[in-house]
Amino acid sequence: MNRCNTFVKLIVICISLVAVRVYAQEKRLTLPEALKLSEENYPSIKTSLFRKSSAAYNLSAKKLEYMPALKLQDQVTYATANGLNGTFYGNEGMALPTSGSIRTSNNYSAAYGSFSTIAVDWAIFNFGKIKANINLAQSQLNEADLGYQNELFSHKIKVADAYLLLLGYEKEAT
């Protein structure tokens, strides 16, 4: 099954190289051009490059965990006086939700409610958690980079093999 998959991929690469050659109006496609063209357009290489980029952004986000976080929240509600007259959501546990008073009878007149919070969250003592997260993100970036390089190397081998096979078939045909 794996040999069949490899053969099908080889045929697809050969057909694409032939199509590029026909499209270029019989301009001879060199091996470096074929490698560059396939590197720019092959989906698994693009995926590996995006994984590497994502890991780099993750690392930069983990480095910002040392900084204090400023959390702002403002809520305005408009409902009947029977409902919640105040906040619905706490600011990530920093503010308690408030509600209206208890009444003996229903009151259907409309009422406004508002609530605002500003909180600064800064973990001064984290016992090495941030450094461990940064080291983990760095190792994930290294892994993504090595995966990209491996994917690129194996794809270049496949393209070079397909290119040389195509040259051989062209030589046999003439």
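Residues numbered from 1 in each chain as written. Predicted model: local features only at pLDDT ≥ 70, side-chain atom pairs only at ≥ 80, totals over all residues. Heavy atoms only, no water.

Enquirer: Any chance you could break down the environment of T30 for me, citing the residues and the numbers?
Expert: With respect to the helices and strands, T30 occurs in the loop between α1 (2–23) and α2 (31–41). Put simply, T30 and Y163 are 133 residues apart on the chain and 8.8 Å apart in space, counted from C-alpha to C-alpha. (Helix = DSSP H or I, 4+ residues; strand = E, 2+ residues; numbered from the N terminus.)

Enquirer: So what about the side chain of S48? Which residues, and what values?
Expert: With respect to the secondary-structure elements, S48 resides in helix α3 (residues 43–63). Here S48 is in contact with G147, Y148 and E151, once residues within four sequence places are set aside. (Contact = heavy atoms within 4.5 Å.)

Enquirer: A description of a nonpolar patch on the surface should follow, citing residues and the corresponding values.
Expert: On the surface, L70, L72, I118, V120, W122, I124, F125 and F127 cluster together into a nonpolar patch covering about 1,100 Å² of accessible area. For the nonpolar patch, the elements supplying multiple residues, two or more each, are β1 (69–80) and β2 (110–121). Relative to the assigned elements, F125 resides in the loop between β2 and α4 (129–173). (Patch = residues over 30% accessible without salt bridge, like charges linked within 9 Å, V, L, I, M, F, W, Y side chains within 5 Å. Areas by Shrake-Rupley, 256 points an atom, 1.4 Å probe, with all protein chains shown as cover. Salt bridge = Lys/Arg side-chain N within 4 Å of Asp/Glu carboxyl O.)

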